[in-house]
Amino acid sequence: IAAVTYAPYSYIDTDGQMQGVDGAIAAEIAKLACLEVKAVPSDAASGIQSVIAGKADISTGAWYRTAERARVVLLSAPLYLDQMAIYSKDGHTKFSDIESGMVGSVQGNLWVNDLREILGENLKLYPDSVAMQQDLVAGRLDAAVDGNSIGVVAQAQGGLEGVQIKVIEPDERIGASQEAGQGTFPINKDNAEMLAGVDAAIKQLHETGKIAEILA
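Residues numbered from 1 in each chain as written. Predicted model: local features only at pLDDT ≥ 70, side-chain atom pairs only at ≥ 80, totals over all residues. Heavy atoms only, no water.

(A) Structural view of the pairing of strand S9 (residues 84–88). S9 sits mainly inside the fold: five of its five residues count as buried. When S9 meets strand S12 (residues 143–147), the two strands line up antiparallel, connected through four bridges. Residue pairing for S12: Tyr87 is matched across the bridge by Ala144. Strand direction decides the pairing type here: S9 and strand S13 (residues 164–167), joined by four bridges, are antiparallel. Residue Ala85 lies in a different strand from S13, and its bridge partner there is Val167. (Buried < 20%, exposed > 50% of the residue type's maximum accessible area, 1.4 Å probe, protein only. Helix = DSSP H or I, 4+ residues; strand = E, 2+ residues; numbered from the N terminus. Pairing = 2+ DSSP bridges.)

As structure tokens, this is what we get:
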């Protein structure tokens with residue numbers, strides 16, 4: 001498993017063990033299939049590439065199901081929903097209130113293409129959420145857009161001081177503001193058997209309430 005550092009969904013602890021929501025779900029799937037997990041630290045840029053290259057069977061990291069990703073990897077059944085949120089010091093909820101300023105987001109997010117159409121050069125993309133959050137707190141961004149849960153966890157750990165995180169109001173120009181992103185496990189295109197097994201396990205974990213328990 002290529003484990004991308006993206007708390008609260010995916011990270012490897014100091015003992016080398018996979019943690020987070022995705023990590024816990026993957027561990028349950030492995031248990032059902034009588035498989036052992038070998039977690040390999042990865043970053044956002046190489047997580048899916050590791051799967052494409054066959055270096056990992058799946059990747060964790062709150063990957064959203066998108067048409068673009070479905071062209072290069074298989075995508076598991078949905079794990080959970082994650083809402084798009086606006087991060088700002090003024091507590092904005094409408095995208096129209098921030099689109100005249102410099103807005104940050106993270107590469108590969110579900111809404112990036114829509115934001116490019118609206119913002120053009122006023123959109124600044126980052127390799128990860130941490131760098132974006134630092135620029136926002138420092139005043140180098142007027143606002144930022146990311147998943148809601150990421151910011152909630154960052155604030156619980158003492159970060160994002162002075163920043164408010166608000167779920168975005170629906171905007172017809174931004175698809176992800178109208179329908180929440182679906183978390184998934186990317187799987188190699190040539191491994192349809194693993195996809196079938198993972199999907200069957202995900203179905204079972206939803207039915208038993210285990211995924212809801214992990215999220216809580």
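(B) Focus on the side chain of Ser42. Looking at the secondary structure, you find Ser42 in strand S4 (residues 40–42). Those residues within four positions of Ser42 in sequence are excluded, and the remaining contacts are Ala2, Ala3, Val4, Thr5 and Gly47. (Contact = heavy atoms within 4.5 Å.)

(C) Seen up close, unusual backbone geometry. Of the consecutive residues Ala7 and Pro8, the connecting peptide bond is found in the cis state with omega at 10°. With respect to the helices and strands, Pro8 occurs in the loop between strand S1 (2–4) and strand S2 (11–12). A positive phi is found at Ala62, a non-glycine position, where the angle reads about 55°. For Leu160, which is not glycine, the phi torsion reads 55° and is therefore positive. Examined against the element boundaries, Leu160 turns out to sit in the loop between helix H6 (148–156) and S13.

(D) Representation of the nonpolar core within the structure. In terms of nonpolar packing, the biggest core is built from 44 residues, with Tyr9, Ile25, Ile29, Tyr80, Tyr87 and Phe185 touching the most fellow members. No other element matches helix H8 (residues 192–207), which puts five residues into this core. Among residues more than four places away in sequence, those in contact with Tyr9 are Gln19, Gly20, Val21, Asp22, Gly23, Ala62, Tyr80, Asp82, Ser149 and Ile150. Judged by nonpolar contacts, the second largest core, of 15 residues, contains Ile86, Val103, Ile168 and Ala176. (Core = buried A, V, L, I, M, F, W, Y, C linked by side-chain atoms within 4.5 Å.)

(E) Structural detail: the sheet that holds S9. Pairing is mixed in the open sheet, where five strands are placed in the order S11-S10-S12-S9-S13. Looking at strand neighbours, the two that pair on one side only are strand S11 (123–126) and S13, the edges of this open sheet. Pairs of neighbouring strands in the sheet enclose a mean axial angle of 30°, with direction left out of account. Inspection of the sheet shows strand S10 (residues 103–106) paired to S12 by two bridges, in the parallel sense. Looking at the pairing, Val103 lines up with Ala143 of S12. The sheet contacts of H6 involve S9, S12 and S13, and relative to S12 the element is tilted by about 105°. (Axes fitted to C-alpha atoms, helices over the stretch in contact; angles between N-to-C directions.)

(F) The arrangement of the pattern of salt bridges in detail. On inspection of all chains with the given rule, the structure shows seven salt bridges. Among the ionic pairs, Asp135 bridges to Arg140, the shortest N-O distance being 2.7 Å. A residue is classified by how much of its surface remains accessible, and Asp135, at 10% relative accessible area, is buried. For Arg140, a relative accessible area of 53% gives the class exposed. The closest approach of N and O atoms between Glu207 and Lys203, which form a salt bridge, is 2.6 Å. Here Glu207 and its partner Lys203 are both found in helix H8, four residues apart, which amounts to about one turn of the helix. Look at Glu207 and you get exposed, because its relative accessible area is 58%. Given a relative accessible area of 52%, Lys203 falls into the exposed group. It is possible to trace a salt-bridge network through shared partners that takes in Glu99, Asp171 and Arg173. (Salt bridge = Lys/Arg side-chain N within 4 Å of Asp/Glu carboxyl O.)

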